[in-house]
Structures are given as structure tokens and as C-alpha cells.
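# Close look at the chain arrangement
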Amino acid sequence: MSFHEVRFPANLSFGSMGGPQRRTEVVTLVNGFEERNSPWEHSRRRYDAGVGMRSLDDVEALIAFFEARRGQLHGFRWKDWADFRSCAASEDVGHNDQVIGQGDDTTTAFQLVKTYHSGDHQYQRPIRKPVAGSVTVGVEDNALQNGVDFEVDLTIGIVTFATPPFLGAEITAGYEFDVPVRFDADSIQTSLAGFKAGDLPSVPVIEVRI
């Protein structure tokens, strides 16, 4: 899969609509009970890039970005303004935001993840597209130095330590992140008259697996 490590203009994605989507197969039995199953381990996010257009300059920027990606051909980064940090929306990113693993004296590479909690249940989401300069990492609540104690691959979200964390050590991280997406259509339809009348183009965007 071809992916361009470039972010869709954040000022255009601000105000867009979208969020996570799941696939659940529901079978209703003859006695009225249900059997439910999901073939997806992870949710998939969908957005509409057209909703964020506020001026004809924005439409021009959208078309330029669309053409440079060749429509659906190349993936790109998307900032989800409703969920783009490892911490709560009211807080600042910190090295102990998310637990990403436990040391075993051997493993040096760990995937960035974000865990969503609700009651006794949780969902752990792999973070594949961290934002450059935003990743902080800690071991046993001690902040480490990027480029000295660890490196982070911004294309797949893997943190690699210079030395394996010791056995039982809690490994944490904080970061901002983007969603890997592509356009979900090979055309954009808009008009000057329609835009002035408030008729915004629909430009579907869908998350891709990395």
C-alpha cells in the first residue's frame, strides 16, 4: 500500500464530522435471543473532509491535496480533533499517559497504544502515526530522552530502546497522533453557486490498516 507521510491540512479537518465505526454481525434466533459477533478486532474511522470547508480557498486547497494523492491511490495522515492525544482533552501530554508494555530484560521494541476504559472493560488501540516531536517515554515513571534512551519510528509507531527495560519495569508513553486514512471516492463534485449557497461537497475519508 502506498502511503504519503503528509497530513491533511489541520485547519480543514477542524469541524469535520466522523469517528469510529465497528462491524457487528447480529443473528436473531427463533426464540428471540441474539448471537452477536464481530470480525473486526479494531474499529475503523470515517470522516467527511467536505464539512470543514469555509471558503473557496479551502476548496482549492482540498482539490490540490486530493490531486496530489491521486484520489484513493495514496494514503495520508488525518488529525482527528476529537481524539488526537494520549491524555484527556483537558490535560497536557506526559510520559506516563499510557502503559505500552512491561520490561523483560530482552525486548527493546514496543508498539505505541492508547487504552480506552469504560467500567470494567477496555479497548487497546494501536497508534501507528505518532506526530513528530510529541512522543515522550518513561520507564517506572522516569522520563527518558528521545534520541539517547530511545528512538521512535513515526511511520509505524514503534518505540525502540537503546537498552532493554529491566524485568517487570512498567513502560509508559505520551504523544499526539494522526489517523492513517485515504479518500473513499475518486471524485470531488462542487460548484461555485452551490458553495455560496452553503451546499458543501461530500468528501469521504476512511481509515486504512497499517
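Note that the structure is predicted; figures quoted are calculated from it, not measured.

## Regarding the overall build of the chain
Tallying secondary structure elements over the chain gives three helices and 18 strands in all. Counting only C-alpha atoms, the chain reaches 65 × 55 × 35 Å along its principal axes. Counting every position in the chain, which comprises 210 residues, the buried fraction comes to 40%. Taking contacts inside the chain between residues at least 6 apart in sequence as the whole, the part at least 24 apart equals 74%. A total of about 11,600 Å² of accessible surface is found on the chain, and carbon and sulfur atoms cover 49% of it. Positive and negative side-chain charges of the chain, numbering 20 and 30 respectively, have mean locations separated by a distance of 7 Å.

## Describing unusual backbone geometry
Phi is positive for D105, close to 70 degrees, though the residue is something other than glycine. Tracing the chain through its elements places D105 in the loop between β7 (98–102) and β8 (109–111). You will see that D141, though not glycine, has its phi angle at about 70 degrees, which is positive. Within the secondary structure layout, D141 lies in the loop between β12 (136–139) and β13 (142–143).

## Section: the packing of aromatic side chains
Under the defined criterion, the tally for this structure stands at 13 aromatic pairs. Between F8 and F65, the ring centres sit 5.1 Å apart and the planes meet at 80 degrees, which makes this aromatic pair edge-to-face. In this pair, F8 sits in the loop between β1 (3–7) and α1 (10–13) while F65 sits in helix α2 (residues 56–68), placing the two residues 57 residues apart along the sequence. Relative to F177, the ring of Y175 has its centre 6.0 Å away and its plane inclined at 65 degrees; by these criteria the two rings are edge-to-face. You can call Y175 buried: its relative accessible area is 0%. Looking at K79, its charged tip hangs above the ring of W81, at a distance of 3.9 Å from the centre. Here the guanidinium or amino end of K129 rests over the ring plane of F3, the centre of that ring lying 4.1 Å away.

Rules and cut-offs
Residues numbered from 1 in each chain as written. Predicted model: local features only at pLDDT ≥ 70, side-chain atom pairs only at ≥ 80, totals over all residues. Heavy atoms only, no water. Helix = DSSP H or I, 4+ residues; strand = E, 2+ residues; numbered from the N terminus. Buried < 20%, exposed > 50% of the residue type's maximum accessible area, 1.4 Å probe, protein only. Contact = heavy atoms within 4.5 Å. Areas by Shrake-Rupley, 256 points an atom, 1.4 Å probe, with all protein chains shown as cover. Lys, Arg positive; Asp, Glu negative; His and termini not counted. Charge placed at Lys NZ, Arg CZ, Asp CG, Glu CD. Phe/Tyr/Trp six-rings, centres within 6.5 Å; stacked < 30°, edge-to-face > 60°. Lys NZ or Arg CZ within 6 Å of the ring centre and 35° of its normal.

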